[in-house]
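# Working through the structure, step by step
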Amino acid sequence: MVSDTPTRDAWVLGPEGLAALMEALVDAGYRVVGPTVRDGAIVLDDITSAKELPHGWTTEQEAATYRLERRGDEQVFGWAVGPHSWKKELFPSRVRLFRSAGAASAGAPTIEEDPPPAKPLALFGARSCDLHAIAVQDRVFLGGPYVERDYAQRRRDAFVVAVNCGVPGGTCFCVSMGTGPRSEGGYDLALTEVLEGGRRYLVEVGSERGRELLEALPVQPATDEDVSASLRVTDEAARRMGRELDTVGLPELLARNREHPRFEDVAERCLTCGNCVLACPTCFCSSVEEVNDLTDGSAERWRVWDTCFSIDHSYIHGGSIRRSAHSRYRQWLTHKFGTWFDQFGTSGCVGCGRCITWCPVGIDVTEELAAIRASDGEVERANA
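Residues numbered from 1 in each chain as written. Predicted model: local features only at pLDDT ≥ 70, side-chain atom pairs only at ≥ 80, totals over all residues. Heavy atoms only, no water.

### Side note on helix H3 (residues 128-142)
Going by this rule: A run of H or I in DSSP counts as a helix once it spans at least four residues, and a run of E counts as a strand once it spans at least two, with each numbered from the N terminus. Take the residue count of a helix, subtract one, and multiply by 1.5 Å to get its expected span. The cut-offs for exposure are 20% and 50% of the maximum accessible area for each residue type, with area from a 1.4 Å probe on protein chains only; residues under the lower value are buried, those over the upper are exposed, and the others partly exposed. Contact criterion: two residues are considered in contact whenever any of their non-hydrogen atoms come within 4.5 Å of each other.
Compared with an ideal rise of 1.5 Å per residue, which puts 15 residues at 21 Å, H3 spans 20 Å between its outermost C-alpha atoms and is within 8% of the ideal. With respect to burial, H3 is a largely interior element, 11 of its 15 residues being buried. For H3, the complete set of buried residues consists of Ser128, Cys129, Asp130, Leu131, Ala133, Ile134, Val136, Gln137, Asp138, Val140 and Phe141. For H3, the secondary structure elements touched by its buried residues are helix H2 (87-90), strand S8 (121-126), helix H4 (149-156), strand S9 (159-163), helix H11 (325-344) and helix H12 (354-357).

The structure is reproduced here in structure tokens:
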């Protein structure tokens, strides 16, 4: 139980304390989603026990490369982000918006909206880059005049257990984007797994709900050395980033290089498969599908993920605007790192590196943006 309040709102949970934390979340009525090993990857799935966490696993990640490897210890969070982001829980790939029951000839049809999820979510193990991604989607879906109802229902009571990153991947560049590796907010509780001096977890409180849950956990006040050891974990992670990106003036850089030959170079390699968009924690494009049942006159409307790499994404009467791979990749890159600022006041990238890891041909946004910057202005001068 929580004892005397420390000078910092930080506590220490022993190596067996994760089981108590998981149990407390389940007992509080949350549907807990967290990292677990499945199908050769560390994915996000429903979990009910700390035993399901990826004890002793790490990952090797490079462009178009992902593989699991065994660690030499039982560290639980010694790996970088995997193929899933929390988008799949807060903004699922397929959601029924409503069902219209009854034939038109029988009078006005009834409209049935799906009920909200039965249990609130507990996001267990969210990294700082993903917390920033959730904040981006909060602005998109909740910050405007039209609130996305399904997202709001899933997001409203979600409990967030963050984990500060100590082992970045080869494609991570959160330091460049100012989104990690240490969480600065957006969580109820934040853990740092510390190995120095014996494995333990520094727990930082981020909300009153987090403080209330902490009352059920076997924690002790953190010492100054505990806090310092925790800071060293993320400081070391920051020094070991796999990628870096110069973000100065990116919107302006892309605006004046719309016809840069690098886009054609990428188009020769890009499969327009949309893997980068599907893996991205911030991309939010969606489409609508109508499903009709001729036997009873009912109809359903479904919201499904879409991607700007799909040729139908830019369809208007008469055809699609962006028919070439060149134009579709340019749209994605310039929106993500440029015009997203105009819409939402922030970058659309959080530096998680998923788009690099999960691109089947290894297209690297940090490499492409660096190449455009290296030859900035040459296109204009050549055409002058």
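### With respect to the sheet that holds strand S3 (residues 41-46)
Inclusion rule: Any two strands with at least two DSSP bridges between them are considered paired. Simply put, an axis is a line fit to the C-alpha atoms, just over the touching stretch for a helix, and the angle between two N-to-C directions goes from 0 to 180 degrees.
Read across the sheet, 8 strands follow the order S3-S2-S8-S9-S10-S11-S1-S12 without closing on themselves; strand pairing throughout is mixed. Each having just a single partner strand, S3 and strand S12 (219-221) make up the two edges of the open sheet. Here the strands of the sheet are splayed against their neighbours by 30 degrees on average, with no regard to which way each runs. Bridge analysis of S8 against S9 gives 4 bridges, and the strand direction is parallel. By the bridge assignment for S9, Leu123 is matched with Val160.

### Topic: the pattern of salt bridges
As a reminder of what qualifies: Salt bridges are defined by distance alone: a side-chain nitrogen of Lys or Arg within 4 Å of a carboxyl oxygen of Asp or Glu.
Here the structure, examined in full by the defined rule, presents 39 salt bridges. A salt bridge links Arg373 to Asp246; the nearest nitrogen and oxygen atoms lie 3.6 Å apart. Remark: Asp246 occurs in the loop between helix H7 (224-239) and helix H8 (250-255) and Arg373 occurs in helix H13 (residues 365-374); sequence separation between them is 127 residues. Residue Asp246 is classed as partly exposed on the basis of its relative accessible area of 40%. Here Arg262 makes a salt bridge to Glu367, at a shortest N to O gap of 3.2 Å. Taken as a pair, Arg262 in helix H9 (residues 262-267) and Glu367 in helix H13 lie far apart in primary sequence, 105 residues in all. Classification of Glu367 by relative accessible area gives partly exposed; the value is 42%. By sharing partners, the salt bridges in this structure join Arg96, Arg99, Glu112, Asp114, Asp296 and Glu300 into a single network.

### Observations concerning the pairing of strand S4 (residues 57-62)
In terms of strand pairing, S4 meets strand S5 (residues 65-70) through 6 bridges, oriented antiparallel. Paired with Glu62 across the bridge in S5 is Thr65. Hairpin connection between S4 and S5: a loop of 2 residues separates the two successive antiparallel strands, and Ala64 in this loop has a positive phi of roughly 60 degrees.

### Examining the nonpolar core
Filter applied, for reference: Here, nonpolar core refers to any group of buried Ala, Val, Leu, Ile, Met, Phe, Trp, Tyr and Cys residues whose side-chain atoms link them within 4.5 Å.
Leu18, Leu21, Leu25 and Phe124 are the most contacted members of the largest nonpolar core, which has 34 residues in total. In terms of residue count, the dominant contributor to this core is helix H1 (residues 17-27) (5 residues). In this view, Phe124 contacts Leu18, Leu21, Met22, Leu25, Val32, Val33, Gly34, Pro35, Leu53, Phe77, Trp86 and Val161; residues no more than four positions away in its chain are not counted. By size, the runner-up hydrophobic cluster in this structure holds 27 residues, among which are Val266, Cys280, Phe337 and Ile372.

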